Protein chains: 2
Amino acid sequence: MPTSESVDDYLRAILELSGKSEERVSSNGLATRLGVRAASVTGMLQKLAAQRPPLVLYEKHRGVRLSAAGMRRAWEIVRHHRLLELFLHDVLKYSWDEVHEEAERLEHFISERFEDRVAAILGDPEVDPHGHVIPHRNGTIPVREEVPLVEWPIGKPAVLSSVSDRDPAALRELQRLGLVPGSGLVVDESKPNASLLVRLSGQKRQIRLSIELALHVAVDASRI
Amino acid sequence: MPTSESVDDYLRAILELSGKSEERVSSNGLATRLGVRAASVTGMLQKLAAQRPPLVLYEKHRGVRLSAAGMRRAWEIVRHHRLLELFLHDVLKYSWDEVHEEAERLEHFISERFEDRVAAILGDPEVDPHGHVIPHRNGTIPVREEVPLVEWPIGKPAVLSSVSDRDPAALRELQRLGLVPGSGLVVDESKPNASLLVRLSGQKRQIRLSIELALHVAVDASRI
DNA sequence: GCACTAATTTAGGCTAGCCTAAAAAATTCT
DNA sequence: AGAATTTTTTAGGCTAGCCTAAATTAGTGC
């Protein structure tokens, strides 16, 4: 069961689109995320489902979800991705918004040895530069309770937990505003579908965040 | 002119088979080196020659050589390869014989930024762990006069300049014997097509080297 | 429940890069 | 030189993964 670059991309996309829930993922959603046509997705899903063991569970017109084997491979790629992001940031001095693209390319090609050596150099880190947990070598995934910032109650102190890594411009903006993992903050005001007013811990200045930008941010839900 | 992994492999193989000279490289030689059939080589050479600008100069039945553009790309890949080898060895603590395989895979996928950052971390190094010169960023290649050990005169002190990186078992053996770049040595005896007797500087013990192993070794010819 | 729309799948094609088998050219041997 | 051998090229196929266009299924409003 050696997987190709494309297969890895599909598996990771399914994992990430299905969120933490067991939801089935739609062909269209995958097509958009992967930048291919829906017809191509259908073809690939049929192939992945036909593998032995199957990498996905697929019923036509009913979406797809990962099998146990698919799940394992997807998290493996995520581990590669997040270790690489941290490595690029900490060792090769990439900036916050540069790491994603390079990690996305390299994640498919590094060996187990590379993975292990990088993890060792970084001291078996728990999270990547965007605050996402790094799956363990053995496949277990540390649990982290997170809530999208836009769903966080007004007035309740929160700790910024992670930011999406897929949009460099948004990342630069968040960094400029001081919204990085670990930042303490309070939401002062929330206009649904418009914007949020947040304050960073110990600062008086309010920051206005567009919903679009706020959607990139999650806070630590274990601190409720 | 974005090049694929395959194209890069062909260009690098042509570069390395043509030696320093202007020799044309044969289809068979390429096929063997690349692990594909000769018919596949012919097909690829025709494509490379048909590109604008052409990456190779190819006349059927008469072998192939790199064009200026092909040369540029091939050396670029070599720079990637050698920087990666040194990086894997020095930073990620890979052993001498492990670096080649990983570098061979990754050389196709690292960005210019990655290349630059790695070079910076390593202090713009001149040579890789096997003693091969690292081409400069701008495409110039430092000159190094080398002679295969088997052609070095008997009794004349020499400095080991480089070893081939393609055979892990040979590398381990050479390392065990203390034959690493920088080692001083003298050839005491040379039986053509059989073996060499060499002595390391300051050691009395003679080392018997099979021709096969000796062919992996080159010495610094500027010290004649 | 039926008509309309949106989502999905099927059918048929394309390219890159490999393959085998057969043809052609070059080289070597006598 | 001519025959035998080796090298190289041509011809025709295959797979992965993408595409477009057309057909089908699902979902929605009336």
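Counting starts from 1 at the beginning of each chain's written sequence and moves along it residue by residue. Here the convention is simple: chains get letters from A, ligands get numbers from 1, in the order in which they are written. Two thresholds apply to this predicted model, a pLDDT of at least 70 for residue-level local features and 80 or more for giving and counting side-chain atom pairs, whereas whole-chain, interface and lining totals are computed over all residues. With hydrogens and water set aside, each side-chain value is computed from the structure's full complement of heavy atoms.

Chemist: Describe the nonpolar core, naming the residues involved and giving the relevant values.
Modeler: Nonpolar side chains in soluble globular proteins tend to be buried together. Core analysis: the biggest nonpolar cluster contains 36 residues, and Phe87, Leu92 and Phe114 of chain A together with Phe87, Leu92 and Phe114 of chain B have the highest contact counts within it. What leucine 92 of chain B contacts, discounting residues up to four positions off in sequence, is Phe87, Phe114, Arg117, Val118 and Ile121 of chain A together with Phe87 of chain B. Working definition of a nonpolar core: buried Ala, Val, Leu, Ile, Met, Phe, Trp, Tyr and Cys residues. They are joined through side-chain atoms within 4.5 Å. Only protein chains enter the accessibility calculation, which uses a 1.4 Å probe; a residue is then buried when its area is under 20% of its type maximum, exposed when over 50%, and partly exposed in between. Contact between two residues is taken to exist if any of their heavy atoms lie within 4.5 Å; hydrogens are not considered.

Chemist: Report on helix 5 (residues 99-106) of chain A, specifying residues and quantitative values.
Modeler: For helix 5 of chain A, the set of buried residues is Val99, His100, Glu102, Ala103 and Leu106 of chain A. Comment: elements are numbered from the N terminus, with helices defined as DSSP H or I runs of at least four residues and strands as E runs of at least two. Summarising the contacts, the buried residues of helix 5 of chain A are in contact with helix 1 (5-17) and helix 4 (68-90) of chain A together with helix 6 (112-122) of chain B.

Chemist: Help me get a handle on the interface of chain B and chain A, residues and values and all.
Modeler: Across the boundary between the two partners, chain B contributes 18 residues, which contact 18 residues of chain A. Around 1,700 Å² of area is buried between chain B and chain A when both sides are counted, 64% of it from carbon and sulfur atoms. Three residues, Leu92, Phe109 and Phe114 of chain B, lead the burial of chain B against chain A; their summed loss comes to 32% of the area buried on that side. Whenever two N or O atoms come within 3.5 Å, that pair is a polar contact, provided that in protein one can donate a hydrogen and the other can accept it, and provided that, for residues adjacent in sequence, both atoms are side-chain atoms. Across the chain B-chain A interface, the total number found is 10 residue pairs in polar contact (both at pLDDT 80 or more). Here the element with the most residues in the side of chain B that touches chain A is helix 6 of chain B; it accounts for 5 residues. Classification convention: Asp, Glu, Lys, Arg as charged; Ala, Val, Leu, Ile, Met, Phe, Trp, Tyr, Cys, Pro as nonpolar; all other residues, Gly among them, as polar. Looking at the side of chain B that touches chain A residue by residue, the class counts come to 11 nonpolar, 1 polar and 6 charged. Each of two parts loses accessible area, computed with a 1.4 Å probe, when they are put together; buried area is these two losses added.

Chemist: Explain the protein's contact with DNA strand D to me, using residue names and the numbers behind them.
Modeler: Any residue with at least one heavy atom within 4 Å of a molecule or strand is counted as near it. Taken together, 20 residues are adjacent to DNA strand D, and Ser4 and Ser40 of chain A together with Asn28, Gln46 and Tyr58 of chain B come closest. Considering DNA strand D, the proportion of its atoms within 4 Å of the protein that are sugar or phosphate atoms stands at 84%. In this structure, asparagine 28 of chain B approaches DNA strand D through a main-chain N or O atom, which is 2.8 Å from a phosphate oxygen. Histidine 61 of chain B places a polar main-chain atom, nitrogen or oxygen, 2.8 Å from a phosphate oxygen of DNA strand D. Broken down by secondary-structure element, the contributors of at least two residues to the surface near DNA strand D are helix 1 and helix 3 (38-50) of chain A together with helix 2 (27-34) and helix 3 (38-50) of chain B. A breakdown of the residues in the surface near DNA strand D according to their chemical character gives 7 nonpolar, 10 polar and 3 charged.

Chemist: Before we move on, can you summarise the protein's contact with DNA strand C with the specific residues and values?
Modeler: Around DNA strand C, the surrounding shell holds 20 residues, and the nearest of these are Asn28, Gln46 and Tyr58 of chain A together with Ser4 and Ser40 of chain B. Close to the protein, within 4 Å, the atoms of DNA strand C belong to sugar or phosphate groups at a rate of 83%. Here serine 27 of chain A contributes a side-chain N or O atom positioned 2.8 Å from a phosphate oxygen of DNA strand C. The separation between a phosphate oxygen of DNA strand C and a polar side-chain atom of serine 6 of chain B is 3.0 Å. Those elements that provide at least two residues to the surface near DNA strand C are helix 2 (27-34) and helix 3 of chain A together with helix 1 (5-17) and helix 3 of chain B.

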